[in-house]
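Examining the three-dimensional arrangement
Chain by chain, the residues run as shown.
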Amino acid sequence: FRSLKERALPIETALAAMAFVKLLKNSAYFKRFQVQKRRRREGKTDYYARRKMVRQDKNKFNNRKYRFVVRFTNKRCITQCVYATLRGDVVVAAAASNELTHFGIPCGHKNYAAAYATGLLLARRVLKKFGLDEKFKGKEELDGEEYHVEDEENEQRPFKCILDVGLRRTCVGHRMWGALKGAVDGGLHIPHSTKNFPGFKPAEEKGAESEYDAEAHKERIFGSHVKEYMEMLQEEDPTKYEAHFSKFIAEGIDADKMEDMYTEAHEKIREDPEGEKAEKKDITYERDDETMKASDGTEHVRSNKITMEQRKEKVAAKIAAAQAKMMEED
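**Brief notes about the overall build of the protein chain**
The secondary structure content of the protein chain amounts to 13 helices and 9 strands. Scaling as 2.2 N^0.38, a compact globule of 330 residues should have a C-alpha radius of gyration of about 20 Å, whereas the protein chain reaches 31 Å, well beyond that. Summarising its shape, the C-alpha atoms of the protein chain cover approximately 80 × 75 × 60 Å along the three principal directions. When burial is assessed residue by residue, the protein chain has 31% of its 330 residues classed as buried. Long-range pairs, those at least 24 residues apart, make up 56% of the contacts in the protein chain with a sequence separation of at least 6.

**What to know about the pattern of salt bridges**
Should the charged atoms of two oppositely charged side chains come close, the side chains can pair. Following the criterion strictly, the structure yields 13 salt bridges and no others. Asp89 is the partner of Arg67 in a salt bridge, and the nearest nitrogen-oxygen pair spans 2.9 Å. Here Asp89 lies in strand E3 (residues 88-96) and Arg67 lies in strand E1 (residues 66-72), a separation of 22 residues in the sequence. Among the residues examined, Asp89 registers a relative accessible area of 35% and is labelled partly exposed. Residue Asp288 pairs with Lys293 through a salt bridge whose shortest N-O separation is 3.9 Å. Residue classification places Asp288 among the partly exposed positions, given a relative accessible area of 45%. Its relative accessible area of 38% is what places Lys293 among the partly exposed residues. Residues joined in a network through salt bridges with shared partners are Arg50, Arg67, Arg71, Asp89 and Asp164.

**Overview of a positive patch on the surface**
A contiguous patch of positive charge, built from Lys37, Arg51, Lys52 and Arg55, is present on the exposed surface. Its location among the elements puts Arg51 in helix H5 (residues 47-54).

**Here we look at helix H12 (residues 258-271)**
The end-to-end C-alpha separation of H12 is 20 Å, in line with the 20 Å expected for 14 residues at 1.5 Å each. Taken together, the buried positions of H12 are Met258, Met261, Tyr262, Ala265, His266 and Ile269. Mapping the buried residues of H12 onto a view down its axis gives an arc of 130°, with all of them on the same face. In the core, the buried residues of H12 are packed alongside helix H6 (112-129), helix H8 (214-221), helix H9 (224-236) and helix H11 (246-250).

**Considering the state of the cysteines**
Here the structure, examined in full by the defined rule, presents 0 disulfides. Between Cys171, a free cysteine, and Cys77, which holds the nearest cysteine sulfur, the sulfur-to-sulfur gap is 16 Å.

**Observations regarding a nonpolar patch on the surface**
Side chains of Tyr29, Phe30, Phe33 and Val35 sit close together on the surface and give an oily, nonpolar patch of about 430 Å² of accessible area. By relative accessible area, Phe33 is classed as partly exposed at 49%.

**Here's the deal with the sheet that holds strand E8 (residues 291-294)**
Pairing within the open sheet is antiparallel, and its 3 strands lie in the order E7-E8-E9. Edge positions in the sheet fall to strand E7 (285-288) and strand E9 (299-301), since each of these pairs with one other strand and no more. Across the sheet, the mean angle from the axis of one strand to that of its neighbour is 25°, orientation sign disregarded. Relative to E9, E8 is paired through 3 bridges, and the arrangement is antiparallel. Residue pairing across strands places Met292 opposite His300, the latter belonging to E9.

**Notes on the packing of H6 against helix H7 (residues 175-185)**
A packed helix pair is summarised by two numbers, namely the angle formed by the two axes and the spacing between the axes. Axis separation between H6 and H7 bottoms out at 6 Å; the angle between their running directions is 35°. Here H6 runs over H7; the crossing is right-handed. Note on element contacts: H7 touches H6 through Arg175, Trp177, Gly178, Ala179, Lys181, Gly182, Ala183 and Asp185, opposite Tyr112, Ala115, Tyr116, Gly119, Leu120 and Ala123.

**Some thoughts on the environment of Gly275**
Inspection of the secondary structure assignment puts Gly275 in the loop between H12 and E7. Classification of Gly275 by relative accessible area gives buried; the value is 15%. Residues Gly275 and Thr101, spaced 174 residues apart in sequence, show a C-alpha to C-alpha distance of 9.6 Å.

**Comments concerning the nonpolar core**
Core analysis: the biggest nonpolar cluster contains 58 residues, and Phe68, Phe159, Cys161, Leu188, Ile190, Met230 and Met258 have the highest contact counts within it. Listed by contribution, the elements that provide at least two residues to this core are E1, strand E2 (77-85), E3, H6, H7, H9 and H12. A total of 12 residues in this core trace back to one element, the largest contributor, which is H6. Not counting chain neighbours up to four residues away, the residues in contact with Cys161 comprise Tyr66, Arg67, Phe68, Cys81, Leu188, His189, Ile190 and Pro191.

Cut-offs and rules
- Residues numbered from 1 in each chain as written.
- Predicted model: local features only at pLDDT ≥ 70, side-chain atom pairs only at ≥ 80, totals over all residues.
- Heavy atoms only, no water.
- Helix = DSSP H or I, 4+ residues; strand = E, 2+ residues; numbered from the N terminus.
- Rg over C-alpha atoms; globule rule 2.2 N^0.38 Å.
- Buried < 20%, exposed > 50% of the residue type's maximum accessible area, 1.4 Å probe, protein only.
- Contact = heavy atoms within 4.5 Å.
- Salt bridge = Lys/Arg side-chain N within 4 Å of Asp/Glu carboxyl O.
- Patch = residues over 30% accessible without salt bridge, like charges linked within 9 Å, V, L, I, M, F, W, Y side chains within 5 Å.
- Areas by Shrake-Rupley, 256 points an atom, 1.4 Å probe, with all protein chains shown as cover.
- Lys, Arg positive; Asp, Glu negative; His and termini not counted.
- Charge placed at Lys NZ, Arg CZ, Asp CG, Glu CD.
- Expected span 1.5 Å × (residues − 1).
- Arc of directions from axis to C-beta.
- Disulfide = S-S within 2.5 Å.
- Pairing = 2+ DSSP bridges.
- Axes fitted to C-alpha atoms, helices over the stretch in contact; angles between N-to-C directions.
- Left-handed = near helix turned anticlockwise from the far one by under 90°.
- Core = buried A, V, L, I, M, F, W, Y, C linked by side-chain atoms within 4.5 Å.

What follows is the structure, encoded as structure tokens:
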């Protein structure tokens, strides 16, 4: 903008023009301003989506509405079965992909195949907790085909959840659909369609039918895409292969063993979803001032609890010692 001198306007005229500018954000505005919810400010929760998922019908008042929660970190996939209360969300059961180590999958805990196995693990745990694991076996033959447990004839209705993906974009072929497919094949009723699964092709023309390649989805479930990448790297760049798949090599897993590893893991999950429990170590401790001596021969330092007065005296003694040292140096 040009200055007042450049426009050659008298100061009185300029002030008169400015008098009609309305101040929108005045003190009254700030007095009434309400900040967003904490998790909205932190960018962790989409409350628009959460309200829709949590809201219960009036004729089902106080009934639990279960959500199948899927989250991904840099190292693992986490799944939970959750319902909302006024005090907060309550987790019914949880399964994380790092637990797959107990079922024969020691590494590769964040790919599509691991997400499928984690969803399957959670489904079997939830059904076992509610005593439905014998009634709802799910799909035992994993061929990638579309499956809905509610279509089967049963005396009891299946356990229903709705998918909660958080802030993730629901892209076609995303790993979240692997976790969903695993939970559905495990026997949970989660409303879904095949349009986001790997292998789905939408109709090219209006009126034409879309296509779903179940075989392509099956390959993802058994880690064939990882297997192909391993074989390609092994031939073209062995150094990069050793760097990228160092944990697989350390565990003695090569491209040929991938499918068998996931097949065996699925069978173990269906047999016992709780997995092997760690044995409790019968270790006793004896305290000797600030040292804890364990029965297995190890020692740990644990500071004694002191009062505020003792802490102040300790600080004063340290200051006095530091001052005395400085005086000696001078």
